[in-house]
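Report on the structure
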Amino acid sequence: PDAGPVGGTVVTEVRRAVEAFGGSVTVSTPEDLVDPDRAVAHDVVLLVAERAAQPGSAAMRHTEPVQDPHAGLVTAVTGGDLDGTAGPLIGEETFLRGRRDGRTTVVAGGSRALLYGLHDLVRAGETAFTADQPMTWDLPTQPIRMLDHWDNLTVHPVMGQVERGYAGGSIFWSEGRLRTDLSRVEGYARLLGSIGINAVSVNNVNVDLLEARLLTEGLEDVARLAEIFRPHGVRTYLSVSFGSPRTLGGLSTADPRDPAVQRWWTEAADRVWARIPDFGGFVIKADSEGQPGPFAYGRDHADGANLLARAVAPHGGTIFWRAFVYDHQQDWRDRSTDRARAAYDHFAPLDGRFDENVVVQVKHGPLDFQTREAVSPVIAAMPRTRLAVELQVTQEYTGQQKHVCYLGPWWSELLGFPLWGTRGPTVADVAAGRGPGGLAGGVAAVSNVGTDEFWCGHPLAQANLYAFGRLAWDASLDPVDLLDEWIRLTFGEDPAVASALHEVMDESWRTYEDYTAPLGVGFMVSPTNQHYGPAVDGYEYSRWGTYHFADRDGVGVDRTRATGTGYTGQYPEPWSETYEHLETCPDELLLFFHHVPYGHVLHSGSTVIQHIYDTHFRGVERVEGMVAVWAELEGRVDDGLFVRVTERLGEQLRSAREWRDQITTYFWRKSGVPDERGRRLY
Ligand code: GCU
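Source: prediction; values computed, not measured. (Residues numbered from 1 in each chain as written. Predicted model: local features only at pLDDT ≥ 70, side-chain atom pairs only at ≥ 80, totals over all residues.)

A closer look at the overall build of the chain
Stated formally: Secondary structure elements are defined from DSSP: runs of H or I of at least 4 residues count as helices, runs of E of at least 2 residues count as strands, and each element is numbered from the N terminus. As a rule, residues whose C-beta atom has 12 or fewer other C-beta atoms within 10 Å are exposed, those with 20 or more are buried, and those in between are partly exposed; C-beta atoms are placed from the backbone. We call two residues in contact whenever the C-beta atoms placed from their backbones are within 7 Å.
Along the backbone of the chain there are 22 helices and 19 strands. Per-residue burial for the chain yields a buried fraction of 51% across its 682 residues. A separation threshold of at least 6 residues defines the contact pool for the chain, and within that pool the share at least 24 residues apart is 68%.

Here it is as C-alpha cells:
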C-alpha cells in the first residue's frame, strides 16, 4: 500500500521473510485490523497504517493504551485511543506491536516501519506469541542511521582493500568493479535492515580516481547495490572527491564559486538521481589528510558543502560533510598547535552558514576514535547546523578485530553524555534534533564487515555492528541488554553460552583500556604496524599532533586555559570548568587534559604511576580470564567459530602482555618509581 520505490519492495521482502518461516501475512489497510473475519485467518497481522490516519480512525481506535518508550515525545495518549496528536505513530519508521485474543499485531506507519516491526517480532521470539501484551510503540530516535564503508575498489598497497578493515576484502568491490557474486551484500542488507540502519555509503572517504568514477562510469554498479539495499529500507550514498570537476570533468578548477563547477556538480547529481531515484546523497572528506577541498580556492567549508548541497537539493539529497579537519603536517616542536582544537576552530565559526540539506559529520572525540577520549566540543557548538556523530565500528584503535572489545558500553556513554551538564541534552539528543537548535543529523559509523568467513574477522566483533544499529535506534538501550539480544539471536538459548559470552565481553572495552594507553592520553600505537600494538613514543616526534609529553617527572597534555592550549575553553559549562581543574577532571580523562607528575594522586586514591602499573597488570589478568572462560565453550558452539575465537584470544593475550610490558617498563624507566607491589618490569 505504501507506494514509491522503497515501499513496494520492502513489503515484498517482509512477505517473503514471513512466508519462509511458514507464516502467513496480510499487509493491508487500517480498516482490516478491526475486521475479525480477515484478521483471524492469520497468526500475525502486519499492517501499514495510512500515513495521514485521521484522528479516531478505525485503526487508531483499535489500539490499546500505549507505552511510551521515549518519555516526553507523546503529549496525549488516552485509554484505548491514539488520536492524531500522537505524531510519531504515523511517522514512516514508527510501529506498534502487541498481542490480544491469540493474535499478534504489528501496526506500521510506513513500509520501513513494517520491516522494523517484523524484525522486532523476530527479536522478541516466542514471547511475542504467548501472553497478551498491550500495544507498545517504537520508533528510532535518530533520523539517519548510517554505516560508512571505507572500501576501495582495488587493493591499496598500504591499506589493503578496506582502509582500517580487519575482515578481508570488500563485500562490494573486487578488482575495480562490483563483485559478480553479491550474495554477501544481500545478507548484509537484511542484517542492516534488522538493526534499523537506513543509510549506507559504499566507498572510502579517501577517494582515489577509480572510486571517484563511481559517480560517472561506475554508476551502474552503484545502482545495482541500491537495488539490493532498497528492500531493506537502506538508502545508498557515495563518498565523492571535491576535486571531481577537475579530475573527472576536465575543468581547470574545483572552486565552489565557479559557475562551470556548479554546473558540473548539478549535472552529476541529475545523472545519479535519474538512475537511482531514492539515492541518499554524498559523503565528503575535504581539506583533510590530503583530500582536496575548498581551501585551495580561498573558500571555507560552508562554501564547499553548499556547492554540493545545491546540486543535490532538487532531488532531496543530503551532503554529509566531515569535520575531521586538522593540520596533519604539524611540527612536533610547535607546542602552540593542539590537534584536539582543530575541528572546533574550523567549524564552530561557520555555524548557521550551512544549507539545510548539509549534515556536518563530527567524530565523537576531538582526536581520532581513541579507546577513551573526551566528547568533541563541536557537538555542543553548532546549534544552527545539522550534526551527525561519527563512531568507529571497525576496531582501528581498539584491537583490530583481533581483540575482543565490545564497544557498546563506550558508545552508550558517549551518546548519553550530557553536553550541558546532568540534565541537559545529550550527544544523542543533539544528533536527533533535540538539542538547542532542534536540527537533526543522525549517527554514522565506519563499518567492520568484509569477505571474511565470519564477516568481521573476529566472530564476536559482530556484536559491535549489532550494538551500533540498536543504539542508533535508541541510545538509551542498555548495552549489556543489547549484547544479550545479540547472543541469543546469534548463538541461541543455551544459558551457559550466554553467561560465558557476557563474562568475556561485558567488560572487554574497559579491559582493553586497562592494558593500552593510560588515563585518556591516547595513541601510543604503532605507526609502522597500522596502529596495531604498542609503540609508546611511536607518534611522539611525528607530524600527526598526537603526543603524550612523558618525561622523567610526569606525563599528559596540558589543554587547560590557565597554562595549556586552551582547549578546555571550547566546552560549555560545566565541562569547561570541570576539565580545567585537577580537582574535578575525571580520572579516566586526566592525561587528556593535564600534564601531571607521576606522584599525582587520582580520585581513586592511587598515584598516576601506580595506576599505570595496576591497570596494566590487571588488564592482562582479565584477558587470561577471558581465555579460560571461552575454553569452556568447546563443543557448545560451532567448531569453526570456536577455533577462530580461540586463536584470536591467543593473539589478544600475547598482544596484551606486550602492551603491559612496554608501557610499565617505559614509565618505570622514565620515572624511576618502582611498582609498590614489586611485579616484574624490564
Ligand atoms: C583515521 C584513520 C584513517 C582515516 C581517517 C578518517 O585517521 O587512520 O585511515 O582515513 O581517520 O577518518 O578520515
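Next comes the rest of the description.
A word on the site of the ligand
Counted only if it meets this: Nearness here has a simple definition: the residue's C-beta atom, placed using the backbone, must lie within 6 Å of the molecule or strand. The residue classification treats Ala, Val, Leu, Ile, Met, Phe, Trp, Tyr, Cys and Pro as nonpolar and Asp, Glu, Lys and Arg as charged. All others, Gly included, are polar.
Around the ligand sit E163, R164, V205, N206, K285, E289, F324, D368 and E396, and that is every residue in its neighbourhood. Within the shell around the ligand, the residues separate by chemical class into 2 nonpolar, 1 polar and 6 charged.

Some thoughts on the sheet that holds strand β17 (residues 442-446)
To be explicit about the condition: Following DSSP output, two strands are said to pair if at least two bridges run between them. Axis lines are fitted to C-alpha atoms, over the contacting stretch for helices. Their N-to-C directions set the angle, which ranges from 0 to 180 degrees.
In spatial order, the strands read β6-β11-β12-β13-β14-β15-β16-β17; together these 8 strands close into a barrel with parallel pairing. The mean angle between the axes of side-by-side strands here comes to 25 degrees, regardless of whether they run parallel or antiparallel. Where strand β13 (residues 281-284) lies against strand β14 (residues 318-322), 4 bridges are found, and the strand directions are parallel. Note that in β14 the partner of F282 across the bridge is I319. Against the sheet, helix α11 (residues 301-312) touches β13, β14 and β15 (358-363), its axis set at about 160 degrees to β14.

Overview of the packing of helix α18 (residues 508-515) against helix α21 (residues 608-631)
Going by this rule: Comment on the angle field: the value is read as roughly parallel under 35 degrees, roughly antiparallel over 145, roughly perpendicular from 65 to 115, and oblique elsewhere. Rotating anticlockwise by less than a right angle from the far helix to the near helix defines a left-handed crossing, while the corresponding clockwise rotation defines a right-handed one.
For the pair α18 and α21, the least separation of the axes is 7 Å and the interaxial angle reads 135 degrees. Between α18 and α21, the crossing angle belongs to the class labelled oblique. Judged by the sense of rotation from one axis to the other, the crossing of α18 with α21 is left-handed. Only T615, H616, R618, G619, V620, R622 and V623 of α21 make contact with α18, whose side of the interface consists of T511, D514 and Y515. Its residues placed into classes, the contact of α18 with α21 shows 3 nonpolar, 4 polar and 3 charged.

Some thoughts on the packing of helix α6 (residues 183-194) against helix α8 (residues 219-229)
Running from amino to carboxyl end, α6 crosses α8 at an angle of 45 degrees, the nearest separation of the two axes being 9 Å. The orientation of α6 with respect to α8, classified from their angle, is oblique. The crossing of α6 and α8 is right-handed. Between α6, through V185, E186 and A189, and α8, the contact on the second element is made entirely by L225, I228 and F229. Of the residues assigned to the contact of α6 with α8, the class counts are 5 nonpolar, no polar and 1 charged.

Here we look at α6
The line we're drawing: One less than the residue count of a helix, multiplied by 1.5 Å, gives the span that helix is expected to have.
Compared with an ideal rise of 1.5 Å per residue, which puts 12 residues at 16 Å, α6 spans 17 Å between its outermost C-alpha atoms and is within 8% of the ideal. By the burial criterion, the buried members of α6 are Y188, A189, L192, G193 and S194. Along its buried surface, α6 packs onto α5 (111-124), β6 (145-148), β11 (199-201) and α8. Phi turns positive one or two residues past the end of α6, at G196, with a value near 85 degrees.

Here's the deal with unusual backbone geometry
Residue P574 follows E573 across a cis peptide bond; omega there is 0 degrees. Mapped onto the secondary structure, P574 falls in the loop between β18 (554-555) and α19 (575-580). Although it is not a glycine, Q400 adopts a positive phi angle of roughly 50 degrees. Inspection of the secondary structure assignment puts Q400 in the loop between β16 (386-392) and α13 (408-415).

Description of the pairing of β13
Across 3 bridges, strand β12 (residues 235-239) lies against β13 in parallel orientation. By the bridge assignment for β13, L238 is matched with F282.

A few points about the environment of D484
Among the structural elements, D484 can be located in helix α16 (residues 479-491). What makes D484 partly exposed here is the crowd of 15 C-beta atoms within 10 Å. Placed 131 residues apart in sequence, D484 and R353 show a C-alpha to C-alpha distance of 44 Å.

Considering the confidence of the model for the chain
What counts is decided by this rule: A score between 0 and 100, pLDDT records how confident the predictor is in each residue.
Residue-level pLDDT values for the chain average 89, and 87% of them are 70 or greater. Ignoring residues within four places in sequence, the model shows residues 28-42, a span with pLDDT below 50, making 30 contacts including any to other chains. Predicted confidence for residues 49-89 stays below pLDDT 50, and this span has 75 contacts to residues more than four positions away or in other chains. Reported confidence for the predicted complex is 0.99 by ipTM and 0.92 by pTM.

Some words on the environment of A467
Tracing the backbone through its elements, the reader meets A467 in helix α15 (residues 462-473). When the 25 C-beta atoms within 10 Å are taken as the criterion, A467 is described as buried. Along the primary structure A467 and Q570 are separated by 103 residues, whereas in three dimensions their C-alpha atoms are 30 Å apart.

What to know about the pairing of β16
Burial runs high along β16: 7 of the 7 residues are buried. Neither face of β16 is exposed, since R386, A388, E390 and Q392 on one face and L387, V389 and L391 on the opposite face are all buried. Of the strand pairs in this sheet, β15 and β16 are connected by 5 bridges, and their pairing is parallel. Bridging across to β16, V359 finds its partner in R386. Here 5 bridges tie β16 to β17, and the two strands are oriented parallel to one another. For L391, the partnering residue across the bridge sits in β17 and is A445.

Re the environment of G625
Mapped onto the elements, G625 comes out in helix α21. Under the C-beta neighbour-count criterion, G625 is labelled partly exposed, with 14 such atoms within 10 Å.

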